[in-house]
Amino acid sequence: MLKRVAVLVSGGGTNLEALLNAQESGRIPHGEIVLAVSGTAGAYAVERAKKHGVPALTLSRKELGQEGFEDALSACLKEYRVDLIVLAGFLSILSASFVAQWPERIVNIHPSLIPAFCGKGFYGLRVHEAALSRGVKLTGATVHLVNEIPDGGRILLQKAVEISPGDTPEILQRRVMEQAEWELLPRAVEALCEQLTQE
Ligand code: GRF
């Protein structure tokens, strides 16, 4: 039985696209992306999911509040019989009580080599701005399980990416996505789905 995957997004959705492409080219043989959920209105990720024929909906955290959002999300996950949750550029932090209901079943991609430039406040371009202002020569991406500590769960995969002279946060963000994120996330999702089929 294929493991059923929900992808939570907030923005552009390029990692979601990488997952959908991986699925379509047979690189996630143990899983199936059954649902995309955006926590913010107007996320382009929703359009991407629809273009690939995957049901996508928006649950605005701003409108629903944290508890309302998580209650609505839990109902959707139940309805779609989801086995694994992927946070792919999902900007909200899930509550400890929500996370506790999904032990080792939530995975996140973070655009740095954890434990560098991670935790509260490190999201989106801010991560790359911090790496550039610290002057590191290597950054990268990390796929990790989600626990109650932001960016604190068990690390599954990491890949380093070189910083070049003259990089801007935008250029670096794109390079980290191309060279690390879009490769690591589908690999991690397949590995987790395979593991879940053996449980
Ligand atoms: C990615 O850099 C991801 O690592 C981070 O947020 C960004 C989302 O990009 N958590 P996208 O929405 O997948 O294009």
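You'll find the structure just up there.
Described in the following lines is the structure provided in the data block. In this text the structure is predicted, and so the values were computed from the model without any measurement.

Section: the overall build of the protein
Item 1. Tallying secondary structure elements over the protein gives 6 helices and 7 strands in all.
Item 2. Ordered by position from the N terminus, the helices and strands of the protein form the series β-α-β-α-β-α-β-α-β-α-β-β-α.
Item 3. For 199 residues, the compact-globule formula gives about 16 Å, and the C-alpha radius of gyration of the protein, at 16 Å, lands near that figure.
Item 4. Taking the principal axes of the C-alpha coordinates as reference, the protein spans close to 50 × 35 × 30 Å.
Item 5. A sequence separation of at least 24 residues applies to 65% of the contacts in the protein between residues at least 6 apart.
Item 6. Taken as a whole, the protein presents about 9700 Å² of accessible surface, with 52% of it coming from carbon and sulfur.

Quick look at the packing of helix 5 (residues 125-134) against helix 6 (residues 169-197)
Item 1. At a minimum axis separation of 9 Å, helix 5 and helix 6 run at an interaxial angle of 110°. Comparing their axes, helix 6 and helix 5 come out roughly perpendicular. Residues L125, H128, E129 and L132 of helix 5 form the contact with helix 6, whose own contacting residues are P169, E170, L172, Q173 and V176.
Item 2. Looking at side-chain class alone, the contact of helix 5 with helix 6 contains 5 nonpolar, 2 polar and 2 charged residues.

Points about the site of the ligand
Item 1. Within the structure, the ligand sits among G12, G13, T14, N15, G89, I109, P111, M177 and E181.
Item 2. Here an oxygen atom of the ligand sits 2.9 Å away from a polar atom, N or O, in the main chain of N15.
Item 3. Burial of the ligand by the surrounding chains reaches 89%, relative to a free accessible area of 370 Å².
Item 4. Looking at the shell around the ligand residue by residue, the class counts come to 3 nonpolar, 5 polar and 1 charged.

As for the nonpolar core
Item 1. The biggest cluster of nonpolar side chains holds 40 residues, and the ones touching the most others in it are V7, V86 and V189.
Item 2. Those residues in contact with V7 that lie beyond four places of it in its chain are L16, L19, I33, L35, A36, V37, V86 and A88.
Item 3. Judged by nonpolar contacts, the second largest core, of 20 residues, contains A6, L59, L77 and V146.

Brief notes about helix 3 (residues 61-79)
Item 1. When the terminal C-alpha atoms of helix 3 are compared, their 19 Å separation across 19 residues is substantially less than the 27 Å that a helix rising 1.5 Å per residue should span.
Item 2. Along helix 3, the residues that are buried comprise F69, E70, L73, C76 and L77.
Item 3. For helix 3, the elements touching its buried residues are strand 1 (3-9), strand 2 (31-38), strand 3 (56-58), strand 4 (84-87) and helix 4 (96-100).
Item 4. Looking one or two places after helix 3, you find R81, whose phi comes out positive at around 50°.

Focus on the sheet that holds strand 7 (residues 155-162)
Item 1. Reading across from one edge, 3-2-1-4-5-6-7 is the order of the 7 strands in this open sheet, with mixed pairing throughout. Each of the sheet's edge strands pairs with one partner strand only, and the pair in question is strand 3 and strand 7. When strand polarity is set aside, the average angle formed by the axes of neighbouring strands in this sheet is 20°.
Item 2. As paired elements, strand 6 (residues 138-145) and strand 7 share 7 bridges and run antiparallel to each other. In the strand pairing of strand 7, G140 is matched with A160.
Item 3. Contacts from helix 1 (residues 14-24) reach strand 1, strand 2, strand 4 and strand 5 (106-110), with the element oriented near 160° to strand 2.
Item 4. Strands strand 1, strand 2, strand 4, strand 5, strand 6 and strand 7 of the sheet are contacted by helix 6, whose axis makes an angle of about 160° with strand 7.

Cut-offs and rules
Residues numbered from 1 in each chain as written. Predicted model: local features only at pLDDT ≥ 70, side-chain atom pairs only at ≥ 80, totals over all residues. Heavy atoms only, no water. Helix = DSSP H or I, 4+ residues; strand = E, 2+ residues; numbered from the N terminus. Rg over C-alpha atoms; globule rule 2.2 N^0.38 Å. Contact = heavy atoms within 4.5 Å. Areas by Shrake-Rupley, 256 points an atom, 1.4 Å probe, with all protein chains shown as cover. Axes fitted to C-alpha atoms, helices over the stretch in contact; angles between N-to-C directions. Parallel < 35°, antiparallel > 145°, perpendicular 65-115°, else oblique. Nonpolar A, V, L, I, M, F, W, Y, C, P; charged D, E, K, R; others polar. Near = heavy atom within 4 Å. Polar contact = N/O pair within 3.5 Å; in protein donor to acceptor, adjacent residues only side chain to side chain. Core = buried A, V, L, I, M, F, W, Y, C linked by side-chain atoms within 4.5 Å. Buried < 20%, exposed > 50% of the residue type's maximum accessible area, 1.4 Å probe, protein only. Expected span 1.5 Å × (residues − 1). Pairing = 2+ DSSP bridges.

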